[in-house]
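# Observations on the model geometry
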Amino acid sequence: MGGGGFNRTCLKCRNSIEVDQDGRVVAHDRPVSRFPCHASGQLAALVSVEWGPGPRRSQRIAGGGKGPRRDRRKRTEYLKPPEWLPNYQGERLPTIGLPAKGWFSVWFPAHTMWEHERKLSGWVGSDRSLRWDGHEKCWTVSSAHFPRVSRELLRRYPSVLIGREYNPRERCNSSCQNAQGFLCTCSCRAKYHGRGKWRSGWRTLGEFSGLRAGRPWHWMAVSVAD
Ligand SMILES: [Zn+2]
Ligand SMILES: [Zn+2]
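These lines cover the structure that appears in this document, whether it is placed above or below. None of these values were measured; they are calculated from a predicted model.

### Re the pattern of salt bridges
Going through the model one piece at a time under the given rule, you end up with six salt bridges. With a closest N to O distance of 3.2 Å, E136 and R212 form a salt bridge. With E136 in the loop between β5 (130-133) and β6 (138-141) and R212 in strand β8 (residues 202-212), this residue pair connects regions lying 76 residues apart in the sequence. Classification of E136 as partly exposed rests on a relative accessible area of 24%. Note on R212: relative accessible area 10%, which makes it buried. The salt bridge partner of R156 is E152, with a shortest N-O separation of 2.7 Å. Here R156 pairs with E152, and both are found in helix α2 (residues 146-156), just four residues apart, close to one helical turn. Where salt bridges share partners, they join R148, E152, R155 and R156 into one cluster.

### A short note on the coordination of the zinc ion (ligand 2)
Taken together, the protein donors to the zinc ion (ligand 2) comprise C176 (SG), C184 (SG) and H193 (ND1), at separations of 2.1 to 2.2 Å. As a motif over one chain, the donors of the zinc ion (ligand 2) read C-x7-C-x8-H. A separation of 3.9 Å is found between the zinc ion (ligand 2) and the zinc ion (ligand 1), which are bridged by C176. No difference in accessibility class separates C184 from H193, as the two residues are buried.

### Looking at the sheet that holds β5
The sheet built from seven strands is open, its strands ordered β5-β6-β4-β3-β7-β9-β8 with mixed pairing. Of all strands in the sheet, those bounded by a partner on one side alone are β5 and β8. Averaged over neighbouring strand pairs, the angle between their axes works out to 25 degrees when direction is ignored. Sheet topology note: the strand β3 (residues 95-98)/strand β7 (residues 160-165) ladder contains four bridges and is parallel. Its bridge partner being in β7, T95 is matched across the sheet by L161. Along the sheet face, helix α1 (residues 113-124) touches β4 (104-107), β5 and β6 and points at about 15 degrees away from the line of β6. The sheet contacts of α2 involve β3, β4, β6, β7, β8 and β9 (215-224), and relative to β3 the element is tilted by about 160 degrees.

### A word on the coordination of the zinc ion (ligand 1)
At this site the zinc ion (ligand 1) is bound by C172 (SG), C176 (SG), C186 (SG) and C188 (SG), with donor distances of 2.2 to 2.4 Å. Because the angles between the four donor atoms bound to the zinc ion (ligand 1) fall within 105 to 114 degrees, the donor set is best described as tetrahedral. Motif for the zinc ion (ligand 1), donor spacing along one chain: C-x3-C-x9-C-x1-C. Residue C186 is classed as buried on the basis of its relative accessible area of 1%.

### Quick notes on the packing of α1 against α2
One way to put it is that α1 packs onto α2 with a least axis distance of 9 Å and a crossing angle of 120 degrees. Considered as vectors, α1 and α2 are oriented oblique to each other. Between α1 and α2 lies a crossing whose hand is right-handed. Touching L120, W123 and V124 of α1 are R148, V149, E152, L153 and R156, all from α2. Along the lines of polarity and charge, the residues of the contact of α1 with α2 split into five nonpolar, no polar and three charged.

### Topic: the environment of Q177
Relative to the helices and strands, Q177 resides in helix α3 (residues 174-177). Q177 sits 16 residues away from H193 along the chain, and the two C-alpha atoms are 4.7 Å apart. Apart from residues lying up to four places away in sequence, Q177 is in contact with C172, Y192, G194 and R195.

### With respect to the packing of aromatic side chains
Here the structure, examined in full by the defined rule, presents 11 aromatic pairs. Geometrically, the ring pair formed by F146 and F182 is tilted, given 4.9 Å between the ring centres and 35 degrees between the ring planes. Of this pair, F146 sits in helix α2 while F182 sits in the loop between α3 and β8, and the two are 36 residues apart along the sequence. Taken as a pair, F146 and F182 share a single burial class, namely buried. Put simply, the rings of W84, Y88, F208, W217 and W219 pair up and form one aromatic cluster. The cationic tip of R131 hangs over the ring face of W103; the distance from NZ or CZ to the ring centre is 3.8 Å. A cation sits over an aromatic face here: R212 above W217, 4.4 Å from the ring centre.

Calculation rules
- Residue positions within a chain follow its written sequence, with the count starting from 1.
- The lettering of chains begins at A and the numbering of ligands begins at 1, in the order of writing.
- Note on the predicted model: pLDDT of at least 70 is required for a residue's local features to be given, and 80 or more for side-chain atom pairs to be given and counted; whole-chain, interface and lining totals, by contrast, use all residues.
- Only hydrogens and water are removed before side-chain values are computed, so all heavy atoms of the structure are retained for them.
- When a carboxyl oxygen of Asp or Glu lies within 4 Å of a side-chain nitrogen of Lys or Arg, that pair is called a salt bridge.
- Elements are defined by DSSP. Helices are runs of H or I of four residues or more, strands are runs of E of two residues or more, and each kind is numbered from the N terminus.
- Working definition: with a 1.4 Å probe on protein chains only, accessible area under 20% of the residue-type maximum means buried, over 50% means exposed, and in between means partly exposed.
- Only nitrogen, oxygen and sulfur atoms count as donors, using a 2.8 Å cut-off from the metal that widens to 3.2 Å for Na, K and Ca. Water is left out, so coordination shells may look unfilled.
- In short, DSSP must find at least two bridges between two strands for them to pair.
- With axes taken as lines fitted to C-alpha atoms, and helix axes fitted only over the stretch in contact, angles between N-to-C directions fall between 0 and 180 degrees.
- A contact between two residues is defined here by any heavy atoms of the two lying within 4.5 Å.
- The rule is simple: four donors are tetrahedral if all their angles sit between 85 and 135 degrees, four are square planar and six octahedral if opposite donors span more than 155 degrees and the others lie between 65 and 115, and anything that fits none of that is irregular.
- In this scheme, roughly parallel covers angles under 35 degrees and roughly antiparallel covers those over 145, while 65 to 115 is roughly perpendicular and the rest are oblique.
- Each helix crossing is assigned a hand: it is left-handed if the near helix lies turned anticlockwise from the far helix by less than a right angle, otherwise right-handed if that turn is clockwise.
- As a working rule, the residues Ala, Val, Leu, Ile, Met, Phe, Trp, Tyr, Cys and Pro are called nonpolar, Asp, Glu, Lys and Arg charged, and the rest polar, with Gly in that last group.
- Side-chain rings of Phe, Tyr and Trp (the six-membered ring for Trp) are treated as a pair once their centres are within 6.5 Å; stacked means planes under 30 degrees apart, edge-to-face means over 60, and tilted covers the remaining angles.
- The criterion for a charge sitting over a ring is simple: Lys NZ or Arg CZ within 6 Å of the ring centre, and within 35 degrees of the ring normal.

These results come straight from atomic positions and should not be treated as a statement about function.
Quick look at the structure:
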């Protein structure tokens, strides 16, 4: 096993990981998913592995050969999970947060701010539906694109965290239950909204509620249903 005593963080899943003598990331699971992390078994030099403080220079990747591939330890500044983003079972999942009003927030792991922008604008097809929120420290997207963005995230990640602001005092009635679309602030936490059509094809892995900036939010970790 690699040098030991080093802190290495897998930038795919943010777990702390080990690198073997061949310089490969030791297989590790993501708690929430049925799959091992994508970085498992890959060359640590190729997947981005964050090296913690320690004698890094002496710990060159072995077995990498002397080819043209240099020690690419570029300091890529991935966009940090914004403060409002809750942990799910100790993990930071790709996350969408739907506020009661306005654009929704998005964050996903191991992408720079610029990569977030590029991916999101590719998915929604326009830069106009995209805005950096300097206060929330994340990209926001106009609400009409929620189905697309959630679909794209679920295509790439085994699980996604979907949050929405809700009003505990708003009665769930037929206008919620017969609604179209996905926008909802009802006390049912959108469970009965449009008879739940907005989340058809998803499997709920877990749910919780909490306050975000003093307001009630409901969160659900979802994956694509088998
Ligand atoms: Zn409702
Ligand atoms: Zn509703």
